[in-house]
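Listed here are the chains, written in short residue letters.
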Amino acid sequence: MAAAFSSLVGQPRAILSASPTVSCSQIRKPANFPLQNSRFFLVNSSSVPRTCTMAMVGDDNVDPARDDHSINWPSYDDPKVVDVTPGLQERDFRDTPYIPVYVMLPMGIINMECEIVDANNLVNQLKILKSAKVDGVVVECWWGIVEAHTPQRYNWSGYKRLFEIVRDLNLKLRVVMSFHECGGNVGDDVHIPLPQWITEIGYRNPDIFFSDKDLRRTHECLTWGVDNERVLGGRIALEVYFDLMRSFRVKFDEFFENGVISEIEIGLGPCGELRYPSHPAKLGWKYPGIGEFQCYDKYLLNSLKKTAEAFGCSSCGKGPWNAGSYNSKPQNTEFFRDGGEYNSIYGRFFLKWYTQVLIDHGDQVLGLANLSFKGTPIAAKLPGIYWWRNTKSGAAELTAGFYSVNCRDGYSPIASMLKKHEAALNFTCLELHTVYRDIDFPEALADPEGLVWQVLNVAWEAYIPVAGENARPCYHREGYNKILENAKPRNDPFGRHYLSAFTYLRLSPTLLEKHNFMEFERFVQKMHGVQCNYLSWSHFWNLE
């Protein structure tokens, strides 16, 4: 085991190896993308100014002049709102592929003493979910709870009781290894910090955390610069992650052996997502700010310097100084403006290094996860950074670590890395439309549909499983229908382009209100390939 570990973490990596490049026709949403189940849409081409279109699953490849449900996408400098009133019958999902549906449990279901909170109420709620035929639940296992006070002393007691409840109700479990802080981001309603002993090390050595150019640090997770640095009580960060995962596997062996645990999602960054913490609300970021690069701790700067020297350009061994601040707009910065430094020799060098550090982190942690959970599927989550997407630089994606400019697909290299580890890709914001609801920020050129379209197809083309979840609370049919269209695209000639699973975020009293739960149950049946002509709501009487 030790030899296997060393082989994974001790090898140098080619930061500036040839990056996969694709033609303009390989990325972005089809130019004639059908708009359904929504009234107002921002007509704002995903293919302009990058002029990248693609014939993907769901594109009928028909002449838009003959297609009543397609429109021509004008250039982004001529945005307009189109009133698209749904007039068609809802799609019949009978005999479509069965997609398992999971529900994520509340963040605070386990308290800081690793005790389950209000077990009786949870049992009643899970019984209601079971009545709707959900397949299972998702549970986040927090590093800050399990290894809270002392290195390598793990407390799994509350999780064990929780898993027993789920097992006894014949539900499946997807478990998230959460190596990040909870609190301070959208949707966070509890605060779970990193372990106390990590925080104490951080007081003495603040460079174990990510830092922006002004040395403001985010404590959401450890910087990837310490993945191979022995600064955590004699261990490198990769060993810390590995030790916790192995402890979990041993502790819950019976749940693996009897198939209750169906998948492990590995947290790889802030919010459990593989990305830099480039948009921290605690440091003042607000939507739709471009965010800031997070590479100014001494460990990542040393990596950048060494890579620049190997590249033969020691002057490139520094982070950008002209990339604006968290709430800047791309056109107001020298780095991200049209024709800006992002496309210079230095800019391309820096962005390749920055995204390669992200890929290498995922590569190493997932390699250790496969050692820990051999025989159990693993997954990684990618974020939905969809604002400023239709500008030339795509600044918000760049600061988060996704190098998608000049027709360079920033997601394909990540999909290739996941394929290497036989890991699924979990993606978010499946319920969002590219709409003109964001009336306060029309200039942000947000395009969640285009981003979802790109990432799902990248995964399908790489032949890796792709799962999804909603980004915001979803209680209405419009949102559910959008998820269904993404989960089961129309006109799939290959019969393999559909989600492997879907996670609903998250269990709450609002979801269990009668009308909301009726819509949710209808959605579950359609995900399962069953047309719901009649539903029984007798279980609701238990809620009164």
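As the structure is a prediction and not an experimental result, all values here were calculated from the model.

(A) Broad picture of helix 9 (residues 345-372). In this model, helix 9 (28 residues) spans 41 Å end to end at C-alpha, consistent with the 40 Å of a helix rising 1.5 Å per residue. In terms of burial, helix 9 is a largely internal element, 23 of the 28 residues being buried.

(B) Spatial organisation of the confidence of the model for the protein chain. On average, the protein chain scores 84 in pLDDT, and the residues at 70 or more come to 79%. Low confidence marks residues 2-88, where pLDDT is under 50. Its contacts with residues over four positions away, or in another chain, come to 205 contacts.

(C) Here's a closer look at the nonpolar core. In this structure, Tyr 159, Phe 163, Met 177, Phe 248 and Phe 520 are the most contacted members of the largest nonpolar core, which totals 151 residues. The element that contributes the greatest number of residues to this core is helix 9, accounting for 13 residues. If near-sequence neighbours (up to four positions away) are discounted, Phe 248 is found in contact with Cys 141, Trp 156, Phe 163, Val 175, Met 177, Phe 256, Ile 261, Ile 264 and Phe 373.

(D) Up close: unusual backbone geometry. In this model, Tyr 287 is joined to Pro 288 through a cis peptide bond whose omega is 5°. If you trace the backbone, Pro 288 turns up in the loop between strand 8 (261-266) and helix 8 (298-311). For the bond from Leu 505 to Arg 506, the omega torsion is -25°, close enough to zero to count as cis. Structurally, the position occupied by Arg 506 is in the loop between strand 12 (502-504) and helix 14 (514-527). Despite not being glycine, Cys 407 shows a phi value in the positive range, around 65°. Secondary-structure assignment places Cys 407 in the loop between helix 10 (395-400) and helix 11 (412-420). Given a relative accessible area of 9%, Cys 407 falls into the buried group. A positive phi angle is found at Glu 422, which is not glycine, with a value near 55°.

(E) Spatial organisation of the pattern of salt bridges. Under the defined criterion, the tally for this structure stands at 32 salt bridges. For Arg 235, the salt bridge identified is with Glu 147, shortest N-O distance 3.3 Å. On the criterion of sequence distance, the pair formed by Arg 235 in the loop between strand 7 (217-222) and helix 6 (237-251) and Glu 147 in the loop between helix 3 (143-146) and helix 4 (157-168) is long-range, its members being 88 residues apart. Each member of the pair Arg 235 and Glu 147 is classed as buried. Between Asp 363 and Lys 420 there is a salt bridge, with the nearest N and O atoms lying 3.1 Å from each other. Separated by 57 residues along the polypeptide, Asp 363 in helix 9 and Lys 420 in helix 11 bring together distant segments of the chain. Beyond isolated ion pairs, a larger network of salt bridges with shared partners links Glu 90, Arg 477, Glu 519, Arg 522 and Lys 526.

The rules behind each value
Residues numbered from 1 in each chain as written. Predicted model: local features only at pLDDT ≥ 70, side-chain atom pairs only at ≥ 80, totals over all residues. Heavy atoms only, no water. Helix = DSSP H or I, 4+ residues; strand = E, 2+ residues; numbered from the N terminus. Expected span 1.5 Å × (residues − 1). Buried < 20%, exposed > 50% of the residue type's maximum accessible area, 1.4 Å probe, protein only. pLDDT = per-residue confidence, 0-100. Contact = heavy atoms within 4.5 Å. Core = buried A, V, L, I, M, F, W, Y, C linked by side-chain atoms within 4.5 Å. Salt bridge = Lys/Arg side-chain N within 4 Å of Asp/Glu carboxyl O.

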